[in-house]
Amino acid sequence: MLVGTPSLAVEIKPFTSDGCSAFPDGTIEQEELWLECCTAHDYAYWKGGTFKEREAADEALQACVEKTGEEEIALLMLGGVRIGGTPYLPTDFRWGYGWPMWRGYKALTDEELLAIKRSEAAREEQLNTEKTENIDNQ
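The model shown is predicted, which means the values in this text are computed figures rather than measured ones. (Residues numbered from 1 in each chain as written. Predicted model: local features only at pLDDT ≥ 70, side-chain atom pairs only at ≥ 80, totals over all residues. Heavy atoms only, no water.)

Undergrad: Honestly, the nonpolar core in this entry has me stumped. Any pointers?
TA: Soluble, globular proteins show a tendency: their nonpolar side chains are buried together. Within the largest apolar cluster, 21 residues are counted, with the highest numbers of intra-cluster contacts made by Trp34, Leu61, Val65 and Met77. Elements supplying a minimum of two residues to this core: helix H1 (35-47), helix H2 (51-66), helix H3 (71-84) and helix H4 (110-136). In terms of residues, this core owes the most to one element, H1, which gives five residues. (Core = buried A, V, L, I, M, F, W, Y, C linked by side-chain atoms within 4.5 Å. Buried < 20%, exposed > 50% of the residue type's maximum accessible area, 1.4 Å probe, protein only. Helix = DSSP H or I, 4+ residues; strand = E, 2+ residues; numbered from the N terminus.)

Right under this line is the structure:
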């Protein structure tokens, strides 16, 4: 009877990204050269999941940064996220940082996937509201 109540629903913190965490978002000439790569990587880390999913997210980050022409930077970033992204450190950029600490590596449940969808929908609604307010204020 209580299972369907919203107060007991699994929730994930709203998605946030700090760009490339403790790393530059790009070069001196192109300050946001690989920022989109880091934002996509943050999204994967926010959701969390299995160890294999983390490996795939890290490899996708490396490939994305390599496409900017910065292969050495891509390798350096890969090393950094492999060391610093463990779910067992109390950081804002750990694997699964949208969930409470100590979730570790495990597949997302159906309930968690629904929580992610709810969070994404709320974020989209907020962005649309902000766009409308900006247009109205012009």
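Undergrad: How should I be thinking about H4 in this particular structure?
TA: In an α-helix, one full turn covers 3.6 residues, which means residues spaced three or four apart are oriented alike. Relative to the 39 Å expected for 27 residues at 1.5 Å per residue, H4 spans 39 Å between its end C-alpha atoms, a close match to the ideal helical length. Among all positions in H4, only Glu112, Ala115, Ile116 and Ser119 are buried. Buried residues along H4 sit against H1. (Expected span 1.5 Å × (residues − 1). Contact = heavy atoms within 4.5 Å.)

Undergrad: Any chance you could explain the state of the cysteines here in plain terms?
TA: Put plainly, a disulfide is one covalent bond tying together the sulfur atoms of two cysteines. Overall, the coordinates contain two disulfides when judged by the stated rule. Each disulfide pairs two cysteine sulfurs, and for Cys20 the partner residue is Cys38, the sulfurs being separated by 2.0 Å. Taking the torsion about the S-S bond as the criterion, the Cys20 to Cys38 disulfide, at about 95°, is right-handed. A residue pair is termed long-range when its members are at least 10 positions apart, and Cys20 in the segment before H1 and Cys38 in helix H1 qualify at 18 residues. The pair Cys20 / Cys38 is uniform in exposure class, with both members buried. The side chain of Cys37 participates in a disulfide bridge whose partner is Cys64; the two sulfur atoms lie 2.0 Å from each other. Taking the sign of the S-S torsion, -75° for the link of Cys37 and Cys64, the bridge is left-handed. Taken as a pair, Cys37 in helix H1 and Cys64 in helix H2 lie far apart in primary sequence, 27 residues in all. Residue Cys64 is classed as partly exposed on the basis of its relative accessible area of 28%. The cystine pairing of the protein chain, numbering bonded cysteines in sequence order, is 1-3, 2-4. (Disulfide = S-S within 2.5 Å.)

Undergrad: Help me out: how do you make sense of the confidence of the model for the protein chain in this one?
TA: For residues with low pLDDT, the predicted coordinates do not support detailed interpretation. Scored by pLDDT, the protein chain comes out at a mean of 91, with 94% of its residues at no less than 70. The secondary-structure element of the protein chain with the lowest mean pLDDT is H4, recorded at 88, while H2 shows the highest, at 98. Here residues 1-5 is a poorly scored stretch, pLDDT under 50, and it has one contact once near neighbours within four places are set aside; other chains count. (pLDDT = per-residue confidence, 0-100.)

Undergrad: Explanation requested: empty space enclosed by the protein in the structure shown.
TA: One way to see where empty space is left: roll a probe the size of a water molecule over the atoms. Going through the model one piece at a time under the given rule, you end up with one cavity of 30 Å³ or more. Roughly 30 Å³ of internal volume is contained in the largest cavity. Classifying every residue of the lining of the largest cavity gives four nonpolar, two polar and two charged. (1 Å grid on protein atoms, 1.4 Å probe; cavity = no way out; pocket = protein on both sides within 12 Å on 5 of 7 lines; lining within 4 Å. Points joined across faces, edges and corners; volume = space filled by probe spheres on them. Nonpolar A, V, L, I, M, F, W, Y, C, P; charged D, E, K, R; others polar.)

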